[in-house]
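Structural description and commentary
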Amino acid sequence: DNDVNPLCCCEYHNRDGERSHLLALCCDCEALDLAVDRMVSGREVKSGAVGEIIDVIEERMRFPWRHGAVKFPLGKVAPMIMLPSMLWLATLHPYLVVFTFLLLMPAVFLIAVRTVIRHRPQTQFFLFWSYTSTAYLFYVYQVKCVGLFWDLPKVISWWENLVLVAGAAVSLGLYRKMRETRKRRNSEGKMCRICQQQVVGKDHHCVWLDMCIGSSNKRIFLLFLTSTIMTATHLALLLTSAACPGQLIGPVLLPQLCWPDKENDRLLLVVGLYSGLVAGLLALLLGEQVTRRIRRGAGTGAALAM
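To start, this report covers the structure provided alongside it.

The subject of this paragraph is the nonpolar core. Counting residues in hydrophobic clusters, the biggest one holds 34 residues, and the most contacted among them are Leu87, Met105, Tyr141, Val271 and Tyr274. The set of elements that each furnish at least two residues to this core consists of helix H3 (74–90), helix H4 (94–119), helix H5 (125–146), helix H7 (218–243) and helix H8 (263–305). Top contributing element to this core by residue count: H5, with nine residues. Contact partners of methionine 105, with chain neighbours within four places excluded, come to Leu83, Met86, Leu87, Thr100, Trp129 and Tyr274. Counting residues in hydrophobic clusters, the runner-up holds 17 residues, among them Leu174, Ile213, Phe221 and Leu225.

Here is the structure:
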């Protein structure tokens, strides 16, 4: 039947095996209609309806391709669009910097946690947000600040660049080592509902790395956090001081409070602030992990003493 009447670039077969078209994106979605009716009438939207809406969106978000439309990996592509768009928005005005970092991003993460993780625990939205953050920060630094493909005023010394690249390489190496430990199968331990694997000494599931943290990779995870915090802090200092150079203290150039006139400098400033925000949040996580480890060790010592 497919040979007699093949799919055009905008057609696809849905979950029921029926032929559908991209133009039917917003058509015949009973779950969405019921959810809107309940919201308009002030009633709570049922949890099952939210899951069904996500199913429909994932099924119908496609792009044209030969021999039929291809499904759009929403959880992977959305961060690639959202993060650069948010950071670009923040470059337009100082008030939009505050709006983006204090309202918009937290709202996006809150919605993602309350809806996506609840109904799609194995989503890769947060993992690809981490990938996008890493790639975009590195792109802005090397292309917009250092001048990798064209000549820019050389405000970054060779040793500063070397230290940053080395820190990024260490973090990448530790991340790859953690992923290797993830592949090892265990017949003991606590079952993770997200990984669908048994993890010995499970501490938590890190959605930003899409892996469980347990006894096999806990030490590497702490080293990864330390290396990433140092690298992100260094990057934040380089970008913000390049956009708003301030006082020189020894070999370190500190930024000053300013709003640059040039669009490129505004981008450096905003991305530097984002890198600093990432470093700060990771520092809080590292502090919580170290504090918990110390308390656990103190409790074990007290128990042995008794």
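What the rule picks out here adds up to one disulfide. Here cysteine 244 is linked by a disulfide to cysteine 258, with a sulfur-sulfur distance of 1.8 Å. Taking the sign of the S-S torsion, -85 degrees for the link of cysteine 244 and cysteine 258, the bridge is left-handed. Separated by 14 residues along the polypeptide, cysteine 244 in the loop between H7 and strand S9 (245–249) and cysteine 258 in the loop between strand S10 (252–255) and H8 bring together distant segments of the chain. Classification of cysteine 244 as buried rests on a relative accessible area of 1%. Cysteine 192 carries a free sulfur, and the closest cysteine sulfur to it, the one in cysteine 212, is 3.3 Å from it. Owing to a relative accessible area of 1%, cysteine 192 belongs among the buried residues under this scheme.

Once that is clear, we can look at the side chain of threonine 123. Within the fold, threonine 123 resides in the loop between H4 and H5. Side-chain polar atoms of threonine 123 contact the backbone nitrogen of phenylalanine 125, separated by 3.2 Å. Excluding anything up to four places from it in sequence, threonine 123 contacts Val116 and Ile117.

What counts, and at which threshold
- Residues numbered from 1 in each chain as written.
- Predicted model: local features only at pLDDT ≥ 70, side-chain atom pairs only at ≥ 80, totals over all residues.
- Heavy atoms only, no water.
- Core = buried A, V, L, I, M, F, W, Y, C linked by side-chain atoms within 4.5 Å.
- Buried < 20%, exposed > 50% of the residue type's maximum accessible area, 1.4 Å probe, protein only.
- Helix = DSSP H or I, 4+ residues; strand = E, 2+ residues; numbered from the N terminus.
- Contact = heavy atoms within 4.5 Å.
- Disulfide = S-S within 2.5 Å.
- Polar contact = N/O pair within 3.5 Å; in protein donor to acceptor, adjacent residues only side chain to side chain.

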